[in-house]
Amino acid sequence: MGLGLLDHLTPWNRRRVPAFLSGAGQAHAYMVHVGVGWVLARVPGNVNRFIARLDPLLRWLAVDGYGFHEGFFHWQRYLGGQSPPRRVTGYARRAFDQGLGRCLWFIDGTDVGRIPDTIGGFPQERRADLWSGVGLAAVYAGEADEAGLRALLTAAGPFQPQLSQGAAFAAKARLRAGNPTAYTERASEILCGLSVMEAAHLTDATLENLPTNQSEPAYEIWRRRIQERFAKARELRK
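An account of the accompanying structure is given in this report. Each chain has its residues counted from 1, following the order in which its sequence is written. With the structure being a predicted model, the display of local features is reserved for residues of pLDDT at least 70 and the display and counting of side-chain atom pairs for 80 or more, all residues being used for whole-chain, interface and lining totals. Where side-chain values are given, they derive from all heavy atoms of the structure, hydrogens and water being excluded.

Side note on the overall build of the chain
The condition that has to hold: What counts as a helix is a DSSP run of H or I of at least four residues, what counts as a strand is a run of E of at least two, and both are numbered from the N terminus. C-alpha atoms define the radius of gyration in this analysis, and the globule rule sets the expected value at 2.2 Å times the number of residues to the power 0.38. Exposure classes here rest on a 1.4 Å probe applied to the protein chains alone. A residue is buried below 20% of its type maximum, exposed above 50%, and partly exposed in between. With residues, only the protein chains shown are counted as cover, and all accessible areas are computed by Shrake-Rupley using a 1.4 Å probe. Note that His is not counted, nor are the chain ends; the positive residues are Lys and Arg, and the negative ones are Asp and Glu. Charged side chains are reduced to one point each, which is NZ for Lys, CZ for Arg, CG for Asp and CD for Glu.
Scanning the chain from N- to C-terminus turns up 14 helices and zero strands. Reading the helices (α) and strands (β) of the chain from amino to carboxyl end gives α-α-α-α-α-α-α-α-α-α-α-α-α-α. On C-alpha atoms alone, the chain measures out to a radius of gyration of 17 Å, which is about the 18 Å that the 2.2 N^0.38 rule sets for 238 residues. The principal-axis extents of the C-alpha atoms in the chain amount to approximately 55 × 35 × 35 Å. Within the chain, the proportion of its 238 residues that are buried is 53%. Accessible area for the chain stands at about 11,000 Å²; split by element, carbon and sulfur atoms hold 54% of it. Charged side chains in the chain number 29 positive and 22 negative. The centres of these two groups are separated by 8 Å.

Section: the packing of aromatic side chains
Inclusion rule: The aromatic pairing rule takes the rings of Phe, Tyr and Trp, using the six-membered ring of Trp, and pairs them if the centres are within 6.5 Å, calling planes under 30 degrees apart stacked, those over 60 edge-to-face and the rest tilted. Note on geometry: a ring has a charge over it if NZ (lysine) or CZ (arginine) is within 6 Å of the ring centre and within 35 degrees of the ring normal.
Counted according to the given criterion, the structure contains eleven aromatic pairs. Here Trp 60 and Tyr 91 contribute two aromatic rings whose centre-to-centre distance is 5.0 Å and whose plane-to-plane angle is 85 degrees, an arrangement assigned as edge-to-face. With Trp 60 in helix α5 (residues 60-73) and Tyr 91 in the loop between α6 (75-78) and α7 (92-107), the pair connects residues that are 31 residues apart, well separated along the chain. The same class applies to Trp 60 as to Tyr 91, namely buried. We note Arg 42 situated over the ring of Phe 73; from NZ or CZ to the ring centre the distance is 5.6 Å.

Things to note about helix α13 (residues 196-205)
Structural remark: α-helix, 3.6 residues per turn; residues separated by three or four positions point the same way. Put simply, the test is: By arc we mean the arc of the directions from the helix axis to the C-beta atoms, nothing more. Whether two residues touch is decided by their heavy atoms; if any such pair falls within 4.5 Å, the residues are in contact.
The set of residues buried in α13 consists of Val 196, Ala 199, Ala 200, Leu 202 and Thr 203. Mapping the buried residues of α13 onto a view down its axis gives an arc of 155 degrees, with all of them on the same face. Residues Met 197 and His 201 are exposed on α13 and point more than 90 degrees away from its buried face. Looking at the buried positions of α13, the neighbouring elements they touch are α11 (160-177), α12 (182-192) and α14 (218-237).

Thoughts on the packing of helix α10 (residues 146-156) against α11
Under the convention used in this document: The angle between two axes is taken between their N-to-C directions and runs from 0 to 180 degrees, where each axis is a line fitted to C-alpha atoms and a helix contributes only its stretch in contact. Working rule for angles: under 35 degrees goes down as roughly parallel, over 145 as roughly antiparallel, 65 to 115 as roughly perpendicular, anything else as oblique. Three classes are used, and their members are as follows: Ala, Val, Leu, Ile, Met, Phe, Trp, Tyr, Cys and Pro are nonpolar, Asp, Glu, Lys and Arg are charged, and the others, Gly among them, are polar.
At a minimum axis separation of 7 Å, α10 and α11 run at an interaxial angle of 135 degrees. Considering the angle they form, α10 stands oblique to α11. Across from Leu 152, Leu 153, Thr 154 and Ala 156 in α10, the residues of α11 making contact are Gln 160, Leu 163 and Ser 164. Residue composition of the contact of α10 with α11, grouped by class: four nonpolar, three polar and no charged.

Description of the environment of Phe 159
Relative to the elements of secondary structure, Phe 159 occurs in the loop between α10 and α11. A relative accessible area of 14% means that Phe 159 is categorised as buried. Here the alpha-carbon distance between Phe 159 and Leu 57, two residues 102 residues apart in the chain, equals 24 Å. Not counting chain neighbours up to four residues away, the residues in contact with Phe 159 comprise Gln 124, Arg 127, Ala 128 and Trp 131.

A closer look at the nonpolar core
In a soluble, globular protein the nonpolar side chains are often hidden away together inside. Test applied: Remark: nonpolar core denotes a set of buried residues (Ala, Val, Leu, Ile, Met, Phe, Trp, Tyr, Cys) joined through side-chain atoms within 4.5 Å.
Val 63, Trp 105, Val 134, Leu 152, Leu 191 and Trp 222 are the most contacted members of the largest nonpolar core, which has 71 residues in total. Per-element tally for this core: the top contributor is helix α9 (residues 124-140), with nine residues. If we skip the residues at most four places from it in the chain, Leu 191 touches Gly 135, Ala 138, Val 139, Leu 149, Leu 153, Leu 163, Ser 164 and Ala 167.

A closer look at a nonpolar patch on the surface
The criterion, for reference: Patches draw on residues past 30% relative accessible area with no salt bridge. Two like charges within 9 Å are joined, as are two nonpolar side chains (Val, Leu, Ile, Met, Phe, Trp, Tyr) within 5 Å. Each salt bridge in this description consists of a side-chain nitrogen of Lys or Arg and a carboxyl oxygen of Asp or Glu lying within 4 Å of one another.
A cluster of nonpolar side chains, namely Leu 3, Leu 6 and Phe 20, defines an oily patch on the protein surface of about 230 Å² accessible area. Positionally, Leu 6 belongs in helix α1 (residues 2-9).

Some points on the side chain of Ser 164
Within the fold, Ser 164 resides in helix α11. Taking relative accessible area as the criterion, Ser 164 reaches 6% and is therefore assigned buried. Every residue in contact with Ser 164, bar those within four places of it in the chain, is listed here: Leu 153, Leu 191, Cys 192 and Phe 230.

Some words on the side chain of Glu 70
The following threshold applies: Pairs of N or O atoms within 3.5 Å make up the polar contacts considered here, provided that, within protein, one atom can donate a hydrogen while the other can accept it, and that residues adjacent in sequence are counted only when both atoms are side-chain atoms.
Structurally, the position occupied by Glu 70 is in helix α5. For Glu 70, a relative accessible area of 6% corresponds to the buried category. At 3.0 Å, the side chain of Glu 70 and the side chain of His 69 are in polar contact. Contacts of Glu 70, omitting those with residues within four sequence positions, involve Ala 41, Trp 75, Arg 77, Tyr 78 and Phe 96.

Some details on unusual backbone geometry
The peptide bond linking Gly 142 to Glu 143 adopts the cis configuration, its omega dihedral lying at -10 degrees. Secondary-structure assignment places Glu 143 in the loop between α9 and α10. The residue Asn 209 is not glycine, and still its phi comes out positive at about 55 degrees.

Following this line, the structure appears as structure tokens:
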């Protein structure tokens, strides 16, 4: 966040974040992009222009960070289903909701009974992305007991593939950073049906031959591929 703010305030020297990502921050690329997104919440300007200088695939995590910030500091404004800020347009609105969903894990204090009710207060078309964010936070941040995680998976209902996709992203982020815990493993097994290593491999495998010249962001195609894998696995279990 600090490096992103300095890059924004000194446009003649916007090399701090790229330099960090090519060095010590490389293992934490996902969280670095999320942190840069907090700058969006504090400075005016065009969102799409701001993220254009970031990694073409991971730039949407910056908008995710923006959504998390807004939910964390202005939760009263958003829990009633209020739309993202007007300057958040197009696909960025969906990335914003992923971050907002991630924040619900904290707003509701990891209470798996409250989270589904909170999401139920949002319009139907926003719920899939909110559940994706919840899945990421549930595995990455923790900590819920096994019964709570299983209840969360059941409560997601038709949005289980999105919940599992977010959980897989968290497993990959933890593994890449070299800081998975026993909880990470347990939560991944429950929400993904996969070990941390297997979930991370799934996120890597679905990146292969990812198109980059579509009208839809490659990031969303990536997410959908993972969700489709989980949806097929869910069908096979029936």
